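# Commentary on secondary and tertiary structure
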Number of protein chains: 2
Amino acid sequence: MADDWVAGADVGGTNVKFAVSDAAGRVLARGDVPTDPAAPLDTIQRLAAALRAVLPGDHKRLTAVGLACAGIVAPATGRLGRSPNLPGWQGSDLGGALRAAFGNIVTAVANDVNAALYGEYRHGAGRGCRDLVMIALGTGVGGGVLIDGKLVTGFADGAGEIGHMTLELEGPLCPCGNRGCLESYCGSVGLLARARQLAAAPEASAAWCELIRSQGEALTTSACHELAAAGDPTARALFAAAGRRLGQAVASLINVLAPERVIIGGGVAQAGEFFLVPCRDMVASHVMNDEARDTPVVPAELGPYAAATGAAALAREAGAVP
Amino acid sequence: MADDWVAGADVGGTNVKFAVSDAAGRVLARGDVPTDPAAPLDTIQRLAAALRAVLPGDHKRLTAVGLACAGIVAPATGRLGRSPNLPGWQGSDLGGALRAAFGNIVTAVANDVNAALYGEYRHGAGRGCRDLVMIALGTGVGGGVLIDGKLVTGFADGAGEIGHMTLELEGPLCPCGNRGCLESYCGSVGLLARARQLAAAPEASAAWCELIRSQGEALTTSACHELAAAGDPTARALFAAAGRRLGQAVASLINVLAPERVIIGGGVAQAGEFFLVPCRDMVASHVMNDEARDTPVVPAELGPYAAATGAAALAREAGAVP
């Protein structure tokens, strides 16, 4: 029915974000519950209780629920494979846990970046497109690919490791152990390491050196971004260099897949134009086909609830009569 | 009908290769006609005459014909866009030309590497897989992607430019004007340039220096391959270095798409194991997910008629009652 409500949730290392939406994707309620890193079933039961509490009126109007989770998720079976951020959840049957907690209801499970991409596709920056690539910049760098309106999960559900495209064989060390991965340039670990290196360069601004000295291990990409926004040249150089590397990866992805748009999401992406302008310059110079050189590279629109919103959309469509 | 025959043809810069096959993909006849670089319609009429001549018995058993062509092909409209090797064919309506030459018959048109990939998918190295990536090594480096049994053509039919993934921002100059593209390492132009450079290195073998000196501008990758097969260390180093770069690109593609297999085709690929062993080593060390590290990287099986065979398969399926 058109006014049925669906819920989506996004399991992170510390909490589970959830959103309830109607058929138009309008969000009716949002919230979160803590993640128990050792007890997926308990966490999902807590999620079900929280959803019942926020649903205005009769919670039985909930017809479907979708769950997004970091790690390798098998949408067909609902099982979670390797998940570095949630080791205690590895191997768990997320689909079964949803049905145990919610009763006889339509369920869908997906990888968190794939769910965020699907949310952007249905209700955000990818509306109206059938072919999309998304890159999520955070501590690590995740990715997702949508072809002809369908998420590409690949063999053994291993697709989307865009963060480990190798951009330079002898590049900086990546947390994965290889060198020169996109993540080594654009993940926050790599970005903050480069931020500290820049303070040792003779051309570093005084404000930059002061930031690095005063923050020490507490340095964040937001603090770097604030300096960039204030016009600091060293901060801007940091984001410009990372944006160029992001652009190298985006240009390669456009060359291979020719998506209609590329969506950049995640925390680090909040540095916005300082990142995206050099990224777009690289796309303009490194994409082969004339028609694709101005492929829009756009920021995500849905913010931290993107994956929950996308999981809800996937659940709604899993329950739709074909 | 199960024993209907279909024809496929592959338009190259100098000739059009054709193949007639039955429903099982068994090739019943093969041949070629010269390409008129200025007259697509004449060429296709010559193709139709040649096909009628080789068909045993009544040519009316031909129920569909597919055409593969280098360049940007729009499968939906049958029109050829930019095509550097066939500038005189740019903008021509290949689908219309097929119908003019063959009468009321089912037609399909595709980019040549996409057609070759489809041929390998239906009848060659990709049989039984639904998700494949193909890289065709020749003068340039082409590519194709198949997801869930469908060719990915992308926005403005621009997908598949795998040869222009950037593997090193400051790498060797590519014919496209950028640096460090896969093609700059693995296309025959780049490979032969590197071959000549190696002769100047102090560790170059005597046989290698003699080959480079005696062949001059006539040097071919086959001649380099013969020396590698004979055990020459410099020749082997040439292919090993190119194979590592091929592996860097293949590993990135596996990280992004997780295909079931990666197929390497084209002339340079005939250097076979000298190329593929270092390529597979790179895949094993640079693919993120354990399950995907041994993704098979295999040589193409169908040889120079792969694109014609694939075009025939596409035409057969275009005509199939759903």
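Residues numbered from 1 in each chain as written. Chains lettered and ligands numbered in written order. Predicted model: local features only at pLDDT ≥ 70, side-chain atom pairs only at ≥ 80, totals over all residues.

Moving on, we get to the interface of chain B and chain A. Taken residue by residue, the interface counts 36 residues in chain B and 35 residues in chain A. The element contributing the most residues to the side of chain B that touches chain A is helix 8 (residues 233-257) of chain B, with seven residues. Tallied by class, residues from the side of chain B that touches chain A come to 19 nonpolar, twelve polar and five charged. (Contact = placed C-beta atoms within 7 Å. Helix = DSSP H or I, 4+ residues; strand = E, 2+ residues; numbered from the N terminus. Nonpolar A, V, L, I, M, F, W, Y, C, P; charged D, E, K, R; others polar.)

Attention now moves to the relation of the copies chain B and chain A. Superposing chain B onto chain A takes a rotation of 180° combined with a translation of 0.0 Å along the rotation axis, leaving an RMSD of 0.0 Å. The symmetry that links the two subunits is that of a two-fold axis. Comparing contact sets, 97% of the residues at the interface of chain B also lie at the interface in chain A, consistent with an isologous, same-surface contact. (Least-squares fit on C-alpha atoms with pLDDT ≥ 70 in both.)

Another aspect to go through is the confidence of the model for chain A. In this model, chain A carries a mean pLDDT of 92, and residues with pLDDT of at least 70 account for 96%. The ipTM for the predicted assembly is 0.94, set against a pTM of 0.95. (pLDDT = per-residue confidence, 0-100.)

Now for the sheet that holds strand 4 (residues 62-69) of chain B. Residue and element names in this part refer to chain B. Spatial strand order, 3-2-1-4-7: five strands in an open sheet with mixed pairing. Of all strands in the sheet, those bounded by a partner on one side alone are strand 3 (27-34) and strand 7 (106-111). This sheet shows a mean twist of 15° between the axes of neighbouring strands, independent of strand direction. (Pairing = 2+ DSSP bridges. Axes fitted to C-alpha atoms, helices over the stretch in contact; angles between N-to-C directions.)

Attention shifts here to the packing of helix 5 (residues 188-199) of chain A against helix 6 (residues 206-215) of chain A. Residue and element names in this part refer to chain A. Contact pair helix 5 / helix 6: the axes reach a minimum separation of 9 Å and the direction vectors enclose 125°. When the axis of helix 5 is compared with that of helix 6, the two are oblique. You can see that helix 5 and helix 6 cross each other, and the crossing is left-handed. Note on element contacts: helix 6 touches helix 5 through Trp-208, Cys-209 and Ile-212, opposite Ala-195, Arg-196, Leu-198 and Ala-199. (Parallel < 35°, antiparallel > 145°, perpendicular 65-115°, else oblique. Left-handed = near helix turned anticlockwise from the far one by under 90°.)

The next thing to look at is the nonpolar core. Buried together is how nonpolar side chains tend to be arranged in soluble globular proteins. Grouped together as the largest cluster of nonpolar side chains are 218 residues, with contacts concentrated most on Ala311(A) and Ala311(B). With residues up to four places along the chain from it excluded, the contact list for Ala311(B) reads Gly8(B), Ala9(B), Asp10(B), Gly66(B), Leu67(B), Ala68(B), Ala108(B), Ala110(B) and Ala115(B). (Core = buried A, V, L, I, M, F, W, Y, C linked by C-beta atoms within 7 Å. Buried ≥ 20, exposed ≤ 12 C-beta atoms within 10 Å, placed from the backbone.)

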